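Here is what each chain is made of, one letter per residue.
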Amino acid sequence: MSDERLLCVSEEPEVAVALVRLARSLTGPGTGRVVAVVLPGSAPDAAERLAAAGADEVRPVDGPALTDPHVVADLLAEIVAAVSPSVLLVGSTKRGREAAGHLAGVLDLPATTGVTGLRLDADGIRVDREALSGNAVAVERIVRRPAIVAMMPGFSAPPAAPSPSPGRVRQPPRATAPLTERTELRPKAGGQLEIEKADRIVTIGRGLRKKEDLPIVEALARALGAEVGCTRPLAAEAGWLTDDHWIGLTGHRVHPALYVAVGVSGAVQHLVGMRSSRVVVAINKDPNAPIFAQADYRITGDLYQIVPALTKALGG
Ligand SMILES: Cc1cc2nc3c(=O)[nH]c(=O)nc-3n(C[C@H](O)[C@H](O)[C@H](O)COP(=O)(O)OP(=O)(O)OC[C@H]3O[C@@H](n4cnc5c(N)ncnc54)[C@H](O)[C@@H]3O)c2cc1C
């Protein structure tokens, strides 16, 4: 256990809690200090949740929700100056990575993104990151503290260990003018799907013969209360679904409770995006399809028979 001071911040409530739990496990109970920032616009119980997860101190920031990464970086620079952490933990979300990049520039700090594991050693900060399309884990050492570490959403966080007497410090609001402004917000064709947040996903692969057959799988997704995902060929080549459905190395990384893969072979580039799903069901007519090696439940057969039967059994 170490006597380090760790600062945690993420705009995603679940990621913020996981960061605090990780930080607490690294410092140990009663040693070091875990400080969590509550960004403007967070849920009313955000500070309580972070304290329950193990924060010694929670710093709620007042003011309107922050969207400009430069403004977030300026705010964090101020908090870093006040707290003097040895490690700043952020989520490796789009916003988290942007803010980490700007902050690293402002404060001249080392920053690492896409981290799945973290250890604090006397000779450096060791981080695990996916390598070789997710088939290997690269261990890297950051030799300089303080450092910014962006943890992948869905990383395995230890259980909560609340601090005996968490304190609160109110951070003054920042009045910095944004350096970028949004001039237009256009709806994407296909809607506003955020598949990373889905709890259940039914993913379609090239086993589906034609676009007109999509409703067969969409009906199963509806019956399960799931979002529809797809492999790259269906989005990038066939254009049957928009990019926000695309799962994998070059698409979205998901971590749902239930992942149903329908007519998906299980290419490594696809597996990288879904392998942290809790329960995987695979339907494929090829008993040797690689997806079966990732599956908890394997259904070998023709999706055109199995999917409608499953949908019916689920009352759809
Ligand atoms: C640099 C790079 C990045 C990539 N990034 C991604 C990525 O992010 N995401 C991604 O998904 N792919 C990605 N790919 C592509 C990847 O390599 C595979 O080509 C792709 O995932 C295959 O998609 P698929 O499983 O839908 O199709 P296929 O591999 O063609 O598999 C179709 C499966 O359907 C089964 N099937 C056929 N008919 C039926 C039926 N009637 N009933 C049941 N099963 C049936 C077959 O047995 C087969 O297993 C990338 C490739 C490269 C080179």
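The structure this text deals with has already been given above.
These figures come from a predicted structure and were not determined experimentally.

Thoughts on the side chain of Thr 311
Thought 1: By the element assignment, Thr 311 lies in helix H8 (residues 303-313).
Thought 2: We classify Thr 311 as buried; its relative accessible area is 5%.
Thought 3: For Thr 311, the contacting residues outside a window of four places in its chain are Ile 216, Ala 219, Leu 220, Ala 223 and Gly 316.

Some remarks on the pairing of strand E2 (residues 33-38)
Thought 1: Of all six residues that make up E2, five are buried, and the element is covered over most of its length.
Thought 2: Two elements, strand E1 (residues 5-9) and E2, share four bridges in a ladder whose sense is parallel. Within E2, the position partnered with Leu 7 by the bridge is Val 35.
Thought 3: What joins E1 to E2 is helix H1 (residues 13-27), and the crossover it makes is right-handed.
Thought 4: Pairing of E2 with strand E3 (residues 57-60) involves four bridges; the strand directions are parallel. Looking at E3, one finds that Val 37 is bridged to Arg 59.
Thought 5: For the segment spanning E2, helix H2 (residues 46-53) and E3, crossover handedness is right-handed.

A short note on the nonpolar core
Thought 1: Val 20, Leu 50, Leu 89, Leu 118, Ile 125, Val 149 and Met 151 are the most contacted members of the largest nonpolar core, which has 33 residues in total.
Thought 2: In terms of residue count, the dominant contributor to this core is H1 (nine residues).
Thought 3: Those residues in contact with Leu 50, other than ones at most four positions away along the chain, are Ala 16, Val 17, Val 20, Ala 36, Val 37, Val 38, Ala 55 and Val 58.

Quick word on the packing of aromatic side chains
Thought 1: Under the defined criterion, the tally for this structure stands at zero aromatic pairs.
Thought 2: Note that Arg 209 overlies the ring of Tyr 304, its terminal NZ or CZ placed 4.2 Å from the centroid.

Here we look at the site of the ligand
Thought 1: Taken together, 25 residues form the shell around the ligand, and within it Arg 206, Thr 231, Thr 250, Ser 265 and Asn 284 come nearest.
Thought 2: Backbone polar atom of Gly 263 to an oxygen atom of the ligand: 3.1 Å apart, as the coordinates give it.
Thought 3: Contact distances for the ligand include 2.9 Å between a nitrogen atom and a side-chain N or O atom of Asp 302.
Thought 4: Relative to its free-state accessible area of 980 Å², the ligand is covered by the protein chains to the extent of 77%.

Thoughts on the environment of Asn 288
Thought 1: In this structure, Asn 288 sits in the loop between strand E13 (279-284) and strand E14 (297-300).
Thought 2: In this structure the C-alpha to C-alpha distance between Asn 288 and Gln 269, which are 19 residues apart in sequence, comes to 18 Å.

Concerning the packing of helix H5 (residues 214-224) against H8
Thought 1: Between H5 and H8, whose axes approach to 9 Å, the crossing angle comes to 30°. On the basis of their axis angle, the class for H5 and H8 is roughly parallel. Crossing of H5 over H8 shows left-handed handedness. Residues Ile 216, Val 217, Ala 219, Leu 220 and Ala 223 of H5 form the contact with H8, whose own contacting residues are Tyr 304, Val 307, Pro 308, Leu 310 and Thr 311.
Thought 2: Considered class by class, the residues forming the contact of H5 with H8 number nine nonpolar, one polar and no charged.

What about the environment of Leu 214?
Thought 1: Looking at the element boundaries, Leu 214 is found in helix H5.
Thought 2: For Leu 214 and Trp 240, which are 26 residues apart along the polypeptide, the C-alpha to C-alpha distance reads 8.5 Å.
Thought 3: Ignoring sequence-local partners within four residues, the contact set of Leu 214 consists of Ile 204, Leu 208, Trp 240 and Leu 241.

Points about the sheet that holds strand E11 (residues 227-230)
Backbone-to-backbone hydrogen bonds pair the strands of a sheet. The strands run either parallel or antiparallel.
Thought 1: Overall, parallel pairing links the five strands, which are arranged E11-E10-E12-E13-E14 in an open sheet. In this open sheet, the two strands that pair with only one neighbour each are E11 and E14. The mean angle between the axes of side-by-side strands here comes to 20°, regardless of whether they run parallel or antiparallel.
Thought 2: In the sheet, strand E10 (residues 200-204) pairs with strand E12 (residues 258-262) via five bridges, with the strands oriented parallel. Paired with Arg 200 across the strands is Leu 258, a residue of E12.

Parameters at a glance
- Residues numbered from 1 in each chain as written.
- Predicted model: local features only at pLDDT ≥ 70, side-chain atom pairs only at ≥ 80, totals over all residues.
- Heavy atoms only, no water.
- Helix = DSSP H or I, 4+ residues; strand = E, 2+ residues; numbered from the N terminus.
- Buried < 20%, exposed > 50% of the residue type's maximum accessible area, 1.4 Å probe, protein only.
- Contact = heavy atoms within 4.5 Å.
- Pairing = 2+ DSSP bridges.
- Right-handed = clockwise from strand over helix to strand, strands pointing away.
- Core = buried A, V, L, I, M, F, W, Y, C linked by side-chain atoms within 4.5 Å.
- Phe/Tyr/Trp six-rings, centres within 6.5 Å; stacked < 30°, edge-to-face > 60°.
- Lys NZ or Arg CZ within 6 Å of the ring centre and 35° of its normal.
- Near = heavy atom within 4 Å.
- Polar contact = N/O pair within 3.5 Å; in protein donor to acceptor, adjacent residues only side chain to side chain.
- Areas by Shrake-Rupley, 256 points an atom, 1.4 Å probe, with all protein chains shown as cover.
- Axes fitted to C-alpha atoms, helices over the stretch in contact; angles between N-to-C directions.
- Parallel < 35°, antiparallel > 145°, perpendicular 65-115°, else oblique.
- Left-handed = near helix turned anticlockwise from the far one by under 90°.
- Nonpolar A, V, L, I, M, F, W, Y, C, P; charged D, E, K, R; others polar.

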